[in-house]
Amino acid sequence: MIRKMTEADLSAVAVLERTYFSVPWSEEGLRESMHLSYYLFLVAQQEGKVVGYGGIFWAADEGNITNIVVEEAYRGLGLGTALTDALLSAGEANGIKAFTLEVRLSNLAAIHVYEKLGFVGEGIRKGFYEKPAEDALVMWKRKPEQ
């Protein structure tokens, strides 16, 4: 099940951040951001447990997907795709016409998901990631002009 993140989810989401990201968002940073009108965080829940989450923020008609993560034991079930797709749908409902994200060049599984959802690699951000240092692939998905 994919749903909007609540205060009750913050500690589980913070654990996902610390476990899977080398420079994680703090629980307080997540709490502050989730109450801003231009951020949306969703969680993936299985058997009553938060096993993944994703976030997006927007400005004007562009949305930036901040993080997508699924607990390792639950990968391969389509949860990352479902989270990303739900964020895209929410963004479109809020007038977003173009979405962007950065992904580690070595994260081939995530790149595959994003390409499946219509994202295209458009550039490289040198040294974007720390711990370990790595370049990021910048991907965009733009709504065709009517």
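Residues numbered from 1 in each chain as written. Predicted model: local features only at pLDDT ≥ 70, side-chain atom pairs only at ≥ 80, totals over all residues. Heavy atoms only, no water.

**Side note on the overall build of the protein chain**
In terms of regular secondary structure, the protein chain is built from four helices and seven strands. Written out in order from the N terminus, the α and β elements of the protein chain read β-α-α-β-β-β-α-β-α-β-β. Overall, the protein chain is about 40 × 35 × 30 Å in size when its C-alpha atoms are taken along their principal axes. Relative to its 146 residues, the protein chain shows a buried fraction of 44%. Put simply, of all contacts in the protein chain between residues at least 6 apart along the chain, 55% involve residues at least 24 apart. Carbon and sulfur atoms make up 53% of the accessible area of the protein chain, which amounts to about 7,900 Å² in all. Distance between charge centroids for the protein chain: 1 Å, based on 15 positive and 20 negative side chains. (Helix = DSSP H or I, 4+ residues; strand = E, 2+ residues; numbered from the N terminus. Buried < 20%, exposed > 50% of the residue type's maximum accessible area, 1.4 Å probe, protein only. Contact = heavy atoms within 4.5 Å. Areas by Shrake-Rupley, 256 points an atom, 1.4 Å probe, with all protein chains shown as cover. Lys, Arg positive; Asp, Glu negative; His and termini not counted. Charge placed at Lys NZ, Arg CZ, Asp CG, Glu CD.)

**Considerations on the pairing of strand β5 (residues 98-104)**
Look at any regular strand and the pattern is simple: side chains alternate between the two faces of the sheet. Where burial is concerned, most of β5 is hidden: seven out of the seven residues are buried. Going residue by residue along β5, you find A98, T100, E102 and R104 tucked away on one face and F99, L101 and V103 tucked away on the opposite face as well. For the segment spanning strand β4 (residues 62-70), helix α3 (residues 79-93) and β5, crossover handedness is right-handed. Here β5 pairs with strand β7 (residues 134-142) via seven bridges, running antiparallel. Each residue of the ladder has a partner; that of L101, found in β7, is M139. (Right-handed = clockwise from strand over helix to strand, strands pointing away. Pairing = 2+ DSSP bridges.)

**Section: the environment of G91**
Looking at the secondary structure, you find G91 in helix α3. Overall, G91 belongs to the buried group, its relative accessible area being 0%. Sequence-wise, G91 and S26 are 65 residues apart; in three dimensions their C-alpha atoms are separated by 24 Å. When sequence neighbours within four positions are dropped, the list of residues in contact with G91 reads W58, I96 and F99.

**A short note on the sheet that holds strand β2 (residues 39-46)**
Strand order in the open sheet made by the seven strands is β1-β2-β3-β4-β5-β7-β6, with mixed pairing throughout. The two strands at the open ends of the sheet, each matched to only one other strand, are β1 (2-4) and β6 (120-129). With direction set aside, neighbouring strand axes in the sheet form an average angle of 25 degrees. Bridge analysis of β1 against β2 gives three bridges, and the strand direction is antiparallel. What sits directly across from I2, in β2, is A44. Its contacts with the sheet put helix α1 (residues 10-20) on β2, β3 (49-59) and β4, and the angle it makes with β3 is roughly 85 degrees. (Axes fitted to C-alpha atoms, helices over the stretch in contact; angles between N-to-C directions.)

**Some thoughts on helix α4 (residues 108-116)**
Looking at α4, one finds that the buried residues are A110, I111, V113 and Y114. For α4, the angular spread of the buried residues around the axis is 160 degrees, confining them to a single face. Opposite its buried face, α4 presents the exposed residues L108, A109 and K116, each directed more than 90 degrees away. Looking at the buried residues of α4, the elements they touch are β4, α3, β5 and β7. (Arc of directions from axis to C-beta.)

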